[in-house]
Amino acid sequence: MACTEEEFTELLGGEVFIDMDKLAAISKHGIPDKVRPEVYKYLLGISKNDKSEEEKVKKQQQQDYKEIDKNDSEITKKIRSHLKRYQSYHKERTSDQRIKIDFQSVEIRNKIENILISYVNYNNDIEYYSFGMLAILGPFIAILQSESDIFFCFVSMMKKIDENLNNEGLAPKLSRFIMLFRSVLPELFSHFEEEEISNNDWATSWIQNLLSCELPIDCVLRLWDTYLSASLGLDLHVFVCLAILTNFSEELLELEHSEILAFLQHLPGIDMDQIIAQAYNIRDDIRANNEL
């Protein structure tokens, strides 16, 4: 059961320390919009639970971010191209999004470019590679104000995603997801095969980008509440994907090739509490059948 904004505020108001175990315990059931920015900074390790270090750490982060080079004309071109696509996608679905990004704001567009270029320059072995990076940044842009806070939250989230993928590898994780899809939803799986739906056209992005390209921002944030605080963490994601397919299986069975892809790439708003609960149930059922 989700906790109230007041319960979060009381916990965050501790004068000396923030009880991180308690914060994680109440966050996994959903974080109220007003306190989510502050809670995420703790869950992602940007704010320290020792309040005596708070100002010192914040000033150091701001200084570190300020010193990162934010100029790269080639990356800027790629970002602007992806940003048009991202803006267009979210413009189409403003009616089903509670949390939005003001794409008309020059300040917002500059923030996006600055942060993504900084991320590449901050990590010398990383290239700006995909629309997915922008989509993962989007929710932080929507809820946080400070550019340095957004940057370090994004860095921490990307690190979590990379570590999770590296533990198993994207290809093996994708193969396991498809195997479980075939086992849990055989009729829908066969329908996808009959319609010649390629995994590369949808499943790779679902797994690699945490559905941040496909779901409305408020749905993505509700997922992240649980991913950042529950013991399973990002390992729950495969089962969330299965829960979404289960939830929409009847609709998908009625669609043909291009309609299926359009649906999978632009998912409607969903009750994420229900999806997350269903994901845990699917995982338990699979474990009971010794398929994990």
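Within any chain, residue numbers begin from 1 and follow the written order of that chain's sequence. Residue-level local features of this predicted model are given only where pLDDT is at least 70; pairs of side-chain atoms are given and counted only at 80 or more, and the full residue set underlies all totals for whole chains, interfaces and linings. In computing side-chain values, all of the structure's heavy atoms are included and hydrogens and water are not.

You'll find the protein entered in an unreviewed UniProt entry as Rab-GAP TBC domain-containing protein, with Polysphondylium violaceum given as the organism.

Some points on the overall build of the protein
Applied cut-off: Only DSSP runs of H or I with at least four residues qualify as helices, and only runs of E with at least two residues qualify as strands; both kinds are numbered from the N terminus onward. Every radius of gyration here is taken over C-alpha atoms, with the globule rule written as 2.2 Å times N^0.38, N being the number of residues. Categorising residues by exposure relies on relative accessible area from a 1.4 Å probe, with only protein chains included: less than 20% of the type maximum marks a residue as buried, more than 50% marks it as exposed, and the intermediate range marks it as partly exposed. Contacts are assigned to residue pairs with any non-hydrogen atoms lying within 4.5 Å of each other. Computed by Shrake-Rupley with a 1.4 Å probe, the accessible areas treat only the displayed protein chains as cover when residues are assessed. Positive charge is attributed to Lys and Arg, negative charge to Asp and Glu, and no charge count is given to His or to the chain ends. Charged groups are reduced to one reference atom each: NZ for lysine, CZ for arginine, CG for aspartic acid, CD for glutamic acid.
A tally of regular secondary structure across the protein gives 16 helices and zero strands. For 292 residues, the compact-globule formula gives about 19 Å, and the C-alpha radius of gyration of the protein, at 19 Å, lands near that figure. Projecting the C-alpha coordinates of the protein onto the three principal axes gives extents of approximately 60 × 45 × 35 Å. Considering the protein as a whole, with its 292 residues, one finds that 54% of them fall into the buried category. Long-range pairs, those at least 24 residues apart, make up 75% of the contacts in the protein with a sequence separation of at least 6. Carbon and sulfur atoms provide 45% of the accessible area of the protein, an area that totals close to 14300 Å². Side chains of the protein carry 31 positive and 50 negative charges; the gap between the two charge centres is 7 Å.

Quick word on helix 12 (residues 217-227)
Burial analysis of helix 12 places eleven of its eleven residues in the buried class, which makes it a mostly covered element. Those residues of helix 12 not exposed but buried are Ile217, Asp218, Cys219, Val220, Leu221, Arg222, Leu223, Trp224, Asp225, Thr226 and Tyr227.

Some details on helix 10 (residues 186-194)
Using the following cut-off: Note that the arc is defined by the directions from the helix axis to the C-beta atoms.
Within the sequence span of helix 10, burial applies to Leu188, Phe189, His191 and Phe192. Along the axis of helix 10, the buried positions cluster into a sector of 160 degrees, meaning they face one direction only. Opposite its buried face, helix 10 presents the exposed residues Glu187, Glu193 and Glu194, each directed more than 90 degrees away. Packing partners of the buried residues in helix 10 comprise helix 9 (170-184), helix 13 (237-247), helix 14 (249-253) and helix 15 (257-265). Of the residues flanking the end of helix 10, it is Glu196, one or two places downstream, whose phi is positive at about 55 degrees.

A closer look at the packing of helix 9 against helix 10
Helix packing geometry: the angle between the two helix axes and the distance between the axes. Definition in use: Axis angles are defined between N-to-C directions and span 0 to 180 degrees, where every axis is a line fitted to C-alpha atoms and, for a helix, only to the segment in contact. Classification convention: Asp, Glu, Lys, Arg as charged; Ala, Val, Leu, Ile, Met, Phe, Trp, Tyr, Cys, Pro as nonpolar; all other residues, Gly among them, as polar.
Their axes nearest at 5 Å, the elements helix 9 and helix 10 cross at an angle of 115 degrees. On helix 10, the residues that touch Ile178, Phe181, Arg182, Ser183 and Val184 of helix 9 are Pro186, Leu188, Phe189 and Phe192. Looking at the contact of helix 9 with helix 10, its residues break down into seven nonpolar, one polar and one charged.

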